[in-house]
Amino acid sequence: MTFENTILTLVMFVPLLGALLVALYGRSADGNTDGIKKLAIGISVVTFILSLPLAVLFDGRTAGYQFVARALWIDAAGLRVDYHVGIDGLSIWLVMLTTLITPIALLASYTAIGKRVREYLVLMLILETGMIGVFCALDMFLFYLFWEVMLIPMYLIIGVWGGERRIYAAIKFVLYTMIGSLLMLAAIISLYLMHGKATGFYTFDIPLVTQSISSGMLMIPIDAQRWLFGAFALAFLIKVPLFPFHTWLPDAHVEAPTAGSVILASVLLKMGTYGLMRFNVPMFYEASIQLAPIICVFAVFGIVYGALVAMVQPDFKKLVAYSSVSHLGFCVLGIFSLTSQGMQGSLFQMLAHGLSTGALFLIIGMIYERRHTRQISEFGGLATPMPQFSTLFMITMFASVGLPLLCGFVGEILVLIGTFTSTTLEGAKWFAAVAATAMVWSAVYMLWLYQRVVMGDVTNPENAKLPDLNLREKVVLVPLVVLMIVMGVYPVYFTKRSQPALDAAIQKTAPVLTRKAEAPARKP
């Protein structure tokens, strides 16, 4: 085993081993939990450090998988499942985002979680393993396993450490996700059987199944493609979430503790868009072309709807939750533009949203710890007592709006250009034109939010002596703000590493387009 074969496995399973250490860590006689908190944060930091070679050594010139590890896992009664993991341009930055956000979320909750601290930390570390596993799995069975591993910790984090309506929000989150998961499992089994029947080799291997489909060894009839596409798409669009499957998200965000909201916004929602890129487009390309206009209708509606609903929210957290519905609609639109620019913009927007919206939820948590309210009307004039907080909030707000030279601008522009110039998406120019209006709406609700919370005079006496950011809070926020600026100023560092993998996914549509173009010529 070489370094390249083992590093990804270490990154995936160090958090799981860390969860075991935290669970077994000796209890303090006086009930002090600082020891296990520091241990959990330390483990998550080690995971992030271990993941850095992935970004440094990743070869952005190739579309193939790198840091691959493979071993036979299950071989019984003709069923073969491999432990097969690796990363490519679609997953490298999502893995890095996960390993960055987890220690930040744990540090942010250092003082916010006061009950069952050990259990909370164990669940957060298990959740990290599940999230990384989803982005690295190259076996469909393994992918589904990690997808489900991620579900239970988040359900408990919301249900145990959430707000007043936490049980309702947690159950709603599980029910929505489980419905999609079961359909995805049925589609995975169908692909397994289809591949075995067509090639004589039964496998869950994602690269092999994708290659068999693109080479013509596995020919899936268009009717079957639509059903398989729909099963995968429903699971992923619920997770995004795309309108009208979005109703679980505001409840989950509002009731979840701060760290839960950060993880949910920054990483979990990206699993849906990642799944669409990994499965739907390359595996079911004919169905993707046929169904793309329908999905884009819902994406554009969600973009505008999320922005307009966010505008009227009196609750700080719910406003940001609905803004996520709008921003993730851009990601879905970019994917189903079926252009290189659109998909690149979608992937970039995933990363940008993970940074800016994650930071916004951290900002909400910092305010909530001081005032124990999220009502926007309770604030005003915070620039006076909290100038450092207000400055970082301002940069984050502008990044979310899509101000040039910040991370949000690049992704949205690429999505709009890719959609407008698409030759495969019917009505592409109309979709792009309507989606572009959301850039105005997002500026309206975010600027108005900032004005009401930060600007003006201090009208509420309880805000007059609020303490500014402490050292822990600066350590939590500053890295995210710096990355928002870096991504906006030098986006090519991120885009060039993902471009070959995105081009490879787009090229899967070429044979279909050729057949479509030639079809009229074959008519008598």
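Anything mentioned here points back to the structure above.
Residue positions are given per chain, counted from 1 along the sequence in the order it is written. Restriction of local features to residues with pLDDT of at least 70 applies here, the model being predicted, together with a cutoff of 80 or more for giving and counting side-chain atom pairs; totals for whole chains, interfaces and linings are based on all residues. The side-chain figures draw on all heavy atoms in the structure; neither hydrogens nor water molecules are used.

Enquirer: Which residues make up the overall build of the protein chain, and what are the values?
Expert: Helix and strand assignments follow DSSP, with helices taken as H or I runs no shorter than four residues and strands as E runs no shorter than two, numbered in order from the N terminus. Each helix and strand in the protein chain was counted, giving 19 helices and two strands. The globule rule puts the C-alpha radius of gyration for 524 residues at 24 Å, and the 23 Å found for the protein chain is close to it. Principal axes of the C-alpha set define a box for the protein chain whose edges measure 80 × 55 × 40 Å. Only protein chains enter the accessibility calculation, which uses a 1.4 Å probe; a residue whose area is less than 20% of its type maximum is buried, one above 50% is exposed, and one in between is partly exposed. Within the protein chain, the fraction of its 524 residues that count as buried is 60%. In these tables, accessible area is a Shrake-Rupley quantity obtained with a 1.4 Å probe, and a residue counts as shielded only by the protein chains included in the view. For the protein chain, the accessible area works out to roughly 19,700 Å², and carbon and sulfur atoms hold 68% of it. Counting 34 positive and 28 negative side-chain charges, the protein chain places the averaged centre of each group 2 Å from the other. Radius of gyration here uses only the C-alpha atoms, and the compact-globule reference equals 2.2 Å multiplied by the residue count raised to the power 0.38. Charge assignment: positive for Lys and Arg, negative for Asp and Glu; neither His nor the chain ends contribute. Working definition for charges: the position is that of NZ of Lys, CZ of Arg, CG of Asp or CD of Glu.

Enquirer: For helix α8 (residues 222-239), give the residues involved together with the corresponding values.
Expert: Take the number of residues in a helix, subtract one, and multiply by 1.5 Å to get its expected span. Taking 1.5 Å of rise per residue, the 18 residues of α8 would be expected to cover 26 Å, and the 25 Å separating its terminal C-alpha atoms lies within 8% of that figure. Within α8 the residues assigned to the buried category are A224, Q225, L228, F229, A231, F232, A233, A235, F236, L237, I238 and K239. Here, two residues are considered to be in contact whenever any of their heavy atoms come within 4.5 Å of each other. Where the residues of α8 are buried, they touch α5 (140-161), α6 (166-199), α9 (248-255), α10 (258-283), α11 (285-311) and α12 (316-336).

Enquirer: Can you break down unusual backbone geometry residue by residue, with the values?
Expert: In this structure, the amide linkage connecting V240 to the following residue, P241, adopts the cis form with an omega of -10°. Along the chain, P241 falls in the loop between α8 and α9. Residue P244 follows F243 across a cis peptide bond; omega there is 10°. Mapped onto the fold, P244 is located in the loop between α8 and α9. Located in the positive-phi region is H372, a residue other than glycine, with phi close to 55°. As for its position among the elements, H372 is in the loop between α13 (340-371) and α14 (387-401). Positioned with a positive phi, L405 is a non-glycine residue whose angle comes to about 75°.

Enquirer: Provide a residue-level description of the packing of aromatic side chains, including the pertinent values.
Expert: Here the aromatic set is Phe, Tyr and Trp, taking the six-membered ring for Trp, and pairing holds for ring centres within 6.5 Å; pairs whose planes are under 30 degrees apart are stacked, those over 60 apart are edge-to-face, and all others are tilted. Applying the stated rule across the entire model yields 29 aromatic pairs. Ring centres of F348 and F494 lie 6.5 Å apart, and the angle between their planes is 85°; on these two criteria the pair is classed as edge-to-face. Taken together, the positions of F348 in helix α13 and F494 in helix α18 (residues 492-507) put the pair 146 residues apart, joining distant regions of the chain. Given a relative accessible area of 1%, F348 falls into the buried group. Ring pairing ties together the aromatic residues F143, W147, F232, F236, F279 and F284, which thus form one cluster. Above the face of the F420 ring, K429 is positioned so that its terminal group lies 5.1 Å from the ring centre. Criterion for a charge above a ring: Lys NZ or Arg CZ within 6 Å of the ring centre, and within 35 degrees of the ring normal.

Enquirer: I'd like a rundown of the packing of helix α3 (residues 92-108) against α13, residues and numbers included.
Expert: Lines fitted to C-alpha atoms define the axes, with helix axes restricted to the stretch in contact, and inter-axis angles between N-to-C directions lie between 0 and 180 degrees. Axis separation between α3 and α13 bottoms out at 11 Å; the angle between their running directions is 5°. Compared by their axis directions, α3 and α13 come out roughly parallel. Across from W93, L94, L97, L100, I101, I104 and A108 in α3, the residues of α13 making contact are L347, M350, L351, G354, L355, L362 and E369. Under the scheme applied, nonpolar residues are Ala, Val, Leu, Ile, Met, Phe, Trp, Tyr, Cys and Pro; charged residues are Asp, Glu, Lys and Arg; polar residues are all the others, including Gly. Of the residues in the contact of α3 with α13, the class split is twelve nonpolar, one polar and one charged. Angle categories: roughly parallel below 35 degrees, roughly antiparallel above 145, roughly perpendicular from 65 to 115, and oblique for all the rest.

Enquirer: Got a sec to walk through the packing of α5 against α8? Specific residues and values, please.
Expert: The geometry of α5 relative to α8 is characterised by a closest axis approach of 14 Å and an angle of 30° between their N-to-C directions. The angle between α5 and α8 places the two elements in the roughly parallel class. In this structure, α5 meets α8 at a crossing whose hand is left-handed. Judged by residue contacts, F143, W147 and M150 of α5 engage A235, F236 and K239 from α8. Throughout, a crossing is termed right-handed when the near helix is turned clockwise from the far one, and left-handed when it is turned anticlockwise from it by less than a right angle.

Enquirer: Account for the pattern of salt bridges, naming residues and giving values.
Expert: The rule for a salt bridge is simple: a side-chain nitrogen of Lys or Arg has to be within 4 Å of a carboxyl oxygen of Asp or Glu. Enumeration over the complete set of coordinates arrives at twelve salt bridges. R61 is the salt-bridge partner of D59, the closest N and O atoms lying 2.9 Å from each other. The exposure class assigned to D59 is partly exposed, which follows from its relative accessible area of 26%. We classify R61 as exposed; its relative accessible area is 73%.

Enquirer: Which residues make up the side chain of S181, and what values do they have?
Expert: In this fold, S181 is placed in helix α6. Judged by relative accessible area, which is 0%, S181 ranks as buried. Only 2.8 Å separates the side chain of S181 from the backbone oxygen of T177, close enough to count as a polar contact. A 3.5 Å cut-off defines polar contacts: any pair of N or O atoms within that distance qualifies, except that in protein one atom must be a possible hydrogen donor and the other a possible acceptor, and neighbouring residues in sequence count only when both atoms are side-chain atoms.

Enquirer: Explain the nonpolar core residue by residue, including any values.
Expert: Core analysis: the largest hydrophobic core is formed by 192 residues, its most contacted members being L268 and F393. In contact with F393, other than residues within four places in its own chain, are F316, L360, I363, L449, Y450, V453 and V454. The criterion is simple. A nonpolar core is a set of buried Ala, Val, Leu, Ile, Met, Phe, Trp, Tyr and Cys residues joined through side-chain atoms within 4.5 Å.

Enquirer: Lay out α9 with the relevant residues and their values.
Expert: Across the eight residues that make up α9, a large majority, eight, are buried. Along α9, the residues that are buried comprise W248, L249, P250, D251, A252, H253, V254 and E255. Those residues of α9 that are buried lie in contact with α5, α6, α8, α10, α12 and α13.

Enquirer: Which residues make up the pairing of strand β1 (residues 66-76), and what values go with them?
Expert: In this sheet, strand β2 (residues 79-87) lies alongside β1 in antiparallel orientation, the contact comprising eight bridges. Each residue of the ladder has a partner; that of D75, found in β2, is R80. Between any two strands, at least two bridges found by DSSP are needed for them to pair. In this antiparallel pair of consecutive strands, β1 and β2, the connection spans two residues, and A77 shows a positive phi of 55°.

Enquirer: Just give me the short version of the environment of R226, but keep the residues and values in it.
Expert: Locating R226 in the fold gives a position in helix α8. Of the residues examined, R226 reaches a relative accessible area of 33% and is grouped as partly exposed. Separated by 61 residues in sequence, R226 and A287 place their C-alpha atoms 5.4 Å apart. With residues near it in sequence (within four places) discarded, R226 still touches A287 and Q290.

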